[in-house]
Amino acid sequence: LSEADFKDPLRFLRFFAEVAGLVGQLHVGGVIHGDLVPPNIIVGPGNMPVLVDVGMLRIKNHFRTEGSTILQEMPDRDILSLGEIFWTMMSGKGIPDPAGDRPPLKPIEPMVDADLAMFGFRFMRSTPQPFSSAAEIRATLSTVLAGVKY
């Protein structure tokens, strides 16, 4: 996955929704990818995403430690990684610091841009309504994209 592959931000967003769907399927199956970065997401047949380099992959039942919250933190790691990918591809920078300047996102169309900005801000650490799952990321982005006229 590279910015050159997705010069059209709308094409990237549709692809990104599919990536979030794949990650959500992994999580439902009790599997955590653990290393979601652009080089580990490739464009497969039919322009569908393929997740590769599963060296950090964890199966929840095989990653239990005494008194640890590791099982709760691991899906959050994938969700944070999805946020980094979204911000990098849509603004050229990672997730912004809540106290700092927010880089502008690539425009789609005026009626969608505000919703897309709200979607992006939900990845920030101090947001009042963070995403709780990859499936929620996909569903929310699909709703935003439903407003696109072209």
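Details of the structure are given in the entry above.
Position numbers for residues start from 1 in each chain and track the written sequence from start to end. Owing to the predicted nature of the model, reporting of local features is limited to residues with pLDDT of at least 70; listing and counting of side-chain atom pairs is limited to 80 or more, with chain, interface and lining totals taken over all residues. The basis for every side-chain value is the complete set of heavy atoms in the structure, and neither hydrogens nor water enter the calculation.

Asker: For this particular structure, what's the right way to read the pattern of salt bridges?
Answerer: The working definition used for a salt bridge is a side-chain nitrogen of Lys or Arg within 4 Å of a carboxyl oxygen of Asp or Glu. In total, this model carries two salt bridges according to the counting rule given. With its nearest N and O atoms 3.0 Å apart, the salt bridge here joins arginine 138 to glutamate 18. With arginine 138 in helix α4 (residues 134-145) and glutamate 18 in helix α1 (residues 9-28), this pair connects stretches of sequence that are 120 residues apart. Only protein chains enter the calculation, and the probe is 1.4 Å; a residue is then buried if its accessible area is under 20% of its type maximum, exposed if over 50%, and partly exposed in between. Accessibility expressed as a relative area gives 31% for arginine 138, which makes it partly exposed. For the salt bridge of arginine 122 with glutamate 136, the shortest nitrogen-to-oxygen distance reads 2.7 Å. In this pair, arginine 122 is assigned in the loop between α3 (110-121) and α4 and glutamate 136 in helix α4, connecting sequence segments 14 residues apart. What makes arginine 122 buried here is its relative accessible area of 18%. Labels follow the DSSP assignment, with helices taken as runs of H or I lasting at least four residues and strands as runs of E lasting at least two, numbered in each case from the N terminus.

Asker: Where do I start with the packing of α3 against α4 in this structure?
Answerer: When two helices pack together, you describe them by how their axes are tilted relative to each other and by the distance separating the axes. Here α3 crosses α4 at 165°, and the two axes come no closer than 9 Å. Classified by the interaxial angle, the pair formed by α3 and α4 is roughly antiparallel. The two elements α3 and α4 meet at a crossing, and its hand is right-handed. Side by side, α3 and α4 meet where Val112, Asp115, Leu116 and Phe119 of the first sit next to Ile137, Thr140, Leu141 and Val144 of the second. Orientation is described by lines fitted to C-alpha atoms, with helices fitted over the stretch in contact, and by angles between N-to-C directions that extend from 0 to 180 degrees. Note on angle classes: values under 35 degrees are labelled roughly parallel, values over 145 roughly antiparallel, values of 65 to 115 roughly perpendicular, and the remainder oblique. For any helix crossing, the convention is left-handed if the near helix is rotated counterclockwise from the far helix by under a right angle, and right-handed if that rotation is clockwise. Throughout, a residue-residue contact means that at least one pair of heavy atoms, one from each residue, lies within 4.5 Å.

Asker: What's the story with the side chain of aspartate 78 in this structure? I'm lost.
Answerer: Along the chain, the position of aspartate 78 falls in helix α2 (residues 70-91). When charges are tallied, Lys and Arg are placed among the positive residues and Asp and Glu among the negative ones, while His and the ends of the chain are skipped. One buried charged side chain, aspartate 78, makes no salt bridge at all; its nearest oppositely charged neighbour is arginine 77, positioned 5.9 Å away. Of the polar contacts made by the side chain of aspartate 78, one reaches the backbone nitrogen of glycine 34; its length is 2.9 Å. Look past the residues within four positions of aspartate 78 in its chain and what remains in contact with it is Val23, His27, Ile32, His33, Gly34, Asp35 and Leu36. N or O atoms closer than or at 3.5 Å make up a polar contact, with two conditions inside protein: a donor-capable atom paired with an acceptor-capable one, and, for residues adjacent in sequence, both atoms drawn from side chains.

Asker: Would you mind going over the nonpolar core with me for this structure?
Answerer: In a soluble, globular protein the nonpolar side chains are often hidden away together inside. Core analysis: the biggest nonpolar cluster contains 36 residues, and Phe16, Leu82, Phe86, Leu116 and Phe123 have the highest contact counts within it. Of all the secondary-structure elements, those providing two or more residues to this core are α1, α2, α3 and α4. For this core, the leading source of residues is α1, giving nine residues. Setting aside chain neighbours within four positions, we find leucine 82 in contact with Phe16, Val19, Ala20, Val23, Leu36, Phe123, Ala134 and Ile137. Residues grouped as a nonpolar core are buried Ala, Val, Leu, Ile, Met, Phe, Trp, Tyr and Cys residues, joined through side-chain atoms within 4.5 Å.

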